[in-house]
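Structural overview
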Amino acid sequence: YLIRRWAKPLGPLGFLVVKVLRDRCYHNPQTGVLRDTVEVDLMDLAEAVGVSRATLVRELARNETLGCFIRRVRQFRI
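Figured I'd write up the structure that's included with this text. (Residues numbered from 1 in each chain as written. Predicted model: local features only at pLDDT ≥ 70, side-chain atom pairs only at ≥ 80, totals over all residues. Heavy atoms only, no water.)

**Some words on the overall build of the protein**
Helix and strand counts for the protein stand at 3 helices and 2 strands. Going from the N terminus to the C terminus, the protein shows its helices and strands as α-β-β-α-α. For the protein, the C-alpha atoms occupy an extent of roughly 40 × 40 × 20 Å along the three principal directions. Surface exposure of the protein reaches about 6,300 Å², of which carbon and sulfur atoms provide 51%. Positive and negative side-chain charges in the protein, numbering 14 and 8 respectively, have mean positions lying 5 Å apart. (Helix = DSSP H or I, 4+ residues; strand = E, 2+ residues; numbered from the N terminus. Areas by Shrake-Rupley, 256 points an atom, 1.4 Å probe, with all protein chains shown as cover. Lys, Arg positive; Asp, Glu negative; His and termini not counted. Charge placed at Lys NZ, Arg CZ, Asp CG, Glu CD.)

Printed below as a string of structure tokens:
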């Protein structure tokens, strides 16, 4: 379903971003542990995808379809 429905609208980089994020989620049926959300730093995600932070930020801004999968949350460091 992911490939048939979302690969084309996401484009190559958008699809890879979704796959990397999905890879960080899991479900353990034996323990019932479910992690279906993930928080990741932009730099960590860019490294995992294999692009620069600037390229990732540009993709997130331009690729509206990623909004179906990703919610960007601003965080501040003290």
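**Thoughts on the packing of helix H1 (residues 2-23) against helix H3 (residues 53-62)**
Interhelical geometry of H1 versus H3 gives an angle of 110 degrees and a closest axis separation of 11 Å. Taken as axis vectors, H1 and H3 run roughly perpendicular relative to one another. Taking contact as the criterion, the partners of Leu 10, Leu 13, Gly 14 and Val 17 in H1 are, on H3, Thr 55, Leu 56 and Glu 59. Considered class by class, the residues forming the contact of H1 with H3 number 4 nonpolar, 2 polar and 1 charged. (Axes fitted to C-alpha atoms, helices over the stretch in contact; angles between N-to-C directions. Parallel < 35°, antiparallel > 145°, perpendicular 65-115°, else oblique. Contact = heavy atoms within 4.5 Å. Nonpolar A, V, L, I, M, F, W, Y, C, P; charged D, E, K, R; others polar.)

**Some words on H1**
Between its terminal C-alpha atoms H1 stretches only 13 Å, short of the 32 Å expected from 22 residues at 1.5 Å a residue. Gly 11 marks where H1 bends most, by close to 120 degrees; the proline Pro 12 follows one to four residues later. Tucked inside the fold, the buried residues of H1 contact helix H2 (42-49) and H3. (Expected span 1.5 Å × (residues − 1). Bend = angle between axes of the 7 residues up to and from the residue.)

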